[in-house]
Amino acid sequence: MAHAAHPAGGQPGTGGDGATARGPGRQGGPTARGRQGGTTAPGPKSNPTTVLEAADIHRALTRIAHEILERTRGAEQVVLLGIPTRGVPLAARLAARIAQVEDRPVPYGSLDITMYRDDLRLRPARGLGPTNVPAEGIDGKTVVLVDDVLYSGRTVRAALDALNDLGRPLAVQLAVLVDRGHRELPIRADYVGKNLPTSQQEVVRVLLTETDGEDGVLLEPVGGIPRPRRGGVTGRKR
Amino acid sequence: MNRHLISAADLSKQDTLLVLDTAEELAQVADRPIKKLPTLRGRTVVNLFFEDSTRTRISFEAAAKRLSADVINFAVKGSSVAKGESLKDTALTLEAMGADAVVVRHSASGAPHRLAGWVRGSVINAGDGAHEHPTQALLDAFTIRRRFGRGSGEALDGLRVTIVGDVLHSRVARSNVWLLHQLGADVALVAPPTLLPIAIDDWPCSVSYDLDAALPKSDVVMMLRIQQERMNAAYFPSVREYSRRYGLDNARLRQLPDGAIVMHPGPMNRGVEIAADVADSPRSTIVEQVANGVSVRMAVLYLLLGGLEAQ
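Residues numbered from 1 in each chain as written. Chains lettered and ligands numbered in written order. Predicted model: local features only at pLDDT ≥ 70, side-chain atom pairs only at ≥ 80, totals over all residues.

All right, on to the domain arrangement of chain B then. Residue and element names in this part refer to chain B. The domains assigned to chain B are domain 1 (8-133 + 290-305) and domain 2 (134-285). Each partner contributes residues to the interface: domain 1 has 25 residues there, and domain 2 has 25 residues. For the side of domain 1 that touches domain 2, the secondary structure elements donating two or more residues are α1 (13-26), β4 (122-128) and α11 (286-305). Looking at which element gives the most residues to the side of domain 1 that touches domain 2, the answer is α1, with eight residues. Split into classes, the residues belonging to the side of domain 1 that touches domain 2 amount to ten nonpolar, eight polar and seven charged. (Domains from an automatic or database assignment. Contact = placed C-beta atoms within 7 Å. Helix = DSSP H or I, 4+ residues; strand = E, 2+ residues; numbered from the N terminus. Nonpolar A, V, L, I, M, F, W, Y, C, P; charged D, E, K, R; others polar.)

Below, the structure is given as structure tokens:
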């Protein structure tokens, strides 16, 4: 790709622009790539661009919570399962918001997909994240998978396999904070916080208070700033 | 992690905690309707047992199968080893069959180490002579950590572990001393002088001969089996005398502090090193140890075989 090295949001001030994007995101890879070509101003390479601020994340999650309620007619049979690391706090936040609106608790938990990945043999074996399925199980429920970034779709495929071994949900839906395009599998999200056109060379980094001390979504060119901690670069998660 | 697991000393503290934390997550698989993960699909694990074993072999087999690996059980009886085939030729046969991991138990100390030089796959020591039994030490550490309510990432700092009995012939004791010491536990050995190895002063543990003095200062008591099959001399006057001085009976159980646990790697000689009542008491973790063994061995197999092949 010719424009690969250009950060998409290089211009100052474009940071929070799309944060108010509304409506269910249905965007796939081709669109993302198409829009990549329109990016012109190359910013300083080492500077990450803030694409979502804390308040934007807050609003996006509130909207997703309402969309889940709408789509599932009150979320009565809904179980929220976050994919470690950052999907887990997101699931908890969504559950809290739904509980606030409906005035009753919504079961949520976490689902580690490491053992189901298709790239296990490409890297040294890594530690596992927590899997906590709510006591009521997932049989006959509508499971909403929650993750921070939707990229290739391979994580979600692994999550579907993992769910298969845990029970038989009535339906499975997907909520993500950021959809950055470049899908490699026929997978799309039902609820999207923000559609973020990116190049594959860029890295999308999601920061959450629970795991990183602050909220924010950053877009940075590869080789931008060093990884702050293990698992910190979400863009590499494929 | 190293490619092979031959000695508990192969594991750094970080590696050990990674195994224990992974096992903690994998333990959940046992409670699921489908007790299987696809992780090691297409990989072959060979159980090569030159010595009798029930729990270790079954435990490794269950662990490998829960990870979807193909398991080949190689029992020496009925194999060409009975016809005089050497360890090396057996290893080359396994190599030709494409074993990704060889779980080996052998009566000779160092056999797994030799084997590791002959095969391309990972070698996991399931007990070699009186040398080491690292997965037993891992599962003991895992059991202790769970019983004392410590979670992922936590070590065993401050816990006092007393290992009692036939230390001389015990590979379990050797592996446990290294591993538990590394995890921060204070390890003490209690045994008759005849059943302690010569270079015991170099081990990172204290040594004494009096069980009654050691019990009130123990959070964990690990009883070792008297290994009659390895004894080629008289190490104590009679089994009865040994049992009276070093056996854990009900009276001695009462000397333990509240919350202390009793462990045994199995197989037990009830009435010799441990009284039947003690083995069946709520403080005993013996059955738990077996269940935890599967989770820990799943973790070891996953960490050695699950990722990119280590160089």
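With that settled, the discussion passes to the packing of helix α5 (residues 134-147) of chain B against helix α6 (residues 171-182) of chain B. All names here are of chain B. As a packed pair, α5 and α6 sit with axes 8 Å apart at the nearest point and diverge in direction by 55°. Looking at the two axes, α5 sits oblique to α6. Remark: the crossing between α5 and α6 carries right-handed chirality. Mapping the contact onto sequence places P134, Q136, A137, L138, D140 and A141 in α5 and V172, S175, N176, L179 and L180 in α6. Here the contact of α5 with α6 is built from residues that sort into seven nonpolar, three polar and one charged. (Axes fitted to C-alpha atoms, helices over the stretch in contact; angles between N-to-C directions. Parallel < 35°, antiparallel > 145°, perpendicular 65-115°, else oblique. Left-handed = near helix turned anticlockwise from the far one by under 90°.)

With that settled, consider the confidence of the model for chain A. For chain A, mean pLDDT is 81; residues scoring 70 or higher make up 74% of the total. Here residues 227-238 of chain A is modelled with pLDDT under 50, and outside its nearest four sequence neighbours on either side it reaches 24 contacts, counting other chains as well. (pLDDT = per-residue confidence, 0-100.)

All names here are of chain B. With 20 residues, α11 should cover 28 Å at 1.5 Å per step; its first-to-last C-alpha distance of 28 Å lies within 8% of that length. Where α11 bends most, the angle comes to about 25°, and this point is N292. Across the 20 residues of α11, 15 count as buried, placing the element largely inside the fold. (Expected span 1.5 Å × (residues − 1). Bend = angle between axes of the 7 residues up to and from the residue. Buried ≥ 20, exposed ≤ 12 C-beta atoms within 10 Å, placed from the backbone.)

Moving on: the pairing of strand β5 (residues 171-179) of chain A. Residues and elements named next belong to chain A. With eight bridges joining them, strand β4 (residues 142-150) and β5 adopt parallel strand pairing. Across the sheet, residue L150 finds its bridge partner in β5, namely D179. Pairing between β5 and strand β6 (residues 191-195): four bridges, direction parallel. Along β6, the bridge assignment pairs A175 with Y191. (Pairing = 2+ DSSP bridges.)

With that out of the way, let us pick up the sheet that holds strand β1 (residues 49-52) of chain A. All names here are of chain A. Strand order across the open sheet formed by three strands is β1-β8-β7, with antiparallel pairing between neighbours. Bordering the open sheet on either side are β1 and β7 (202-207), each of which pairs with just one other strand. Looking at each pair of strands side by side, their axes are set apart by 30° on average, direction ignored. Sheet topology places β7 next to strand β8 (residues 216-221); six bridges connect them, and they run antiparallel. Across the sheet, residue V206 finds its bridge partner in β8, namely V217.

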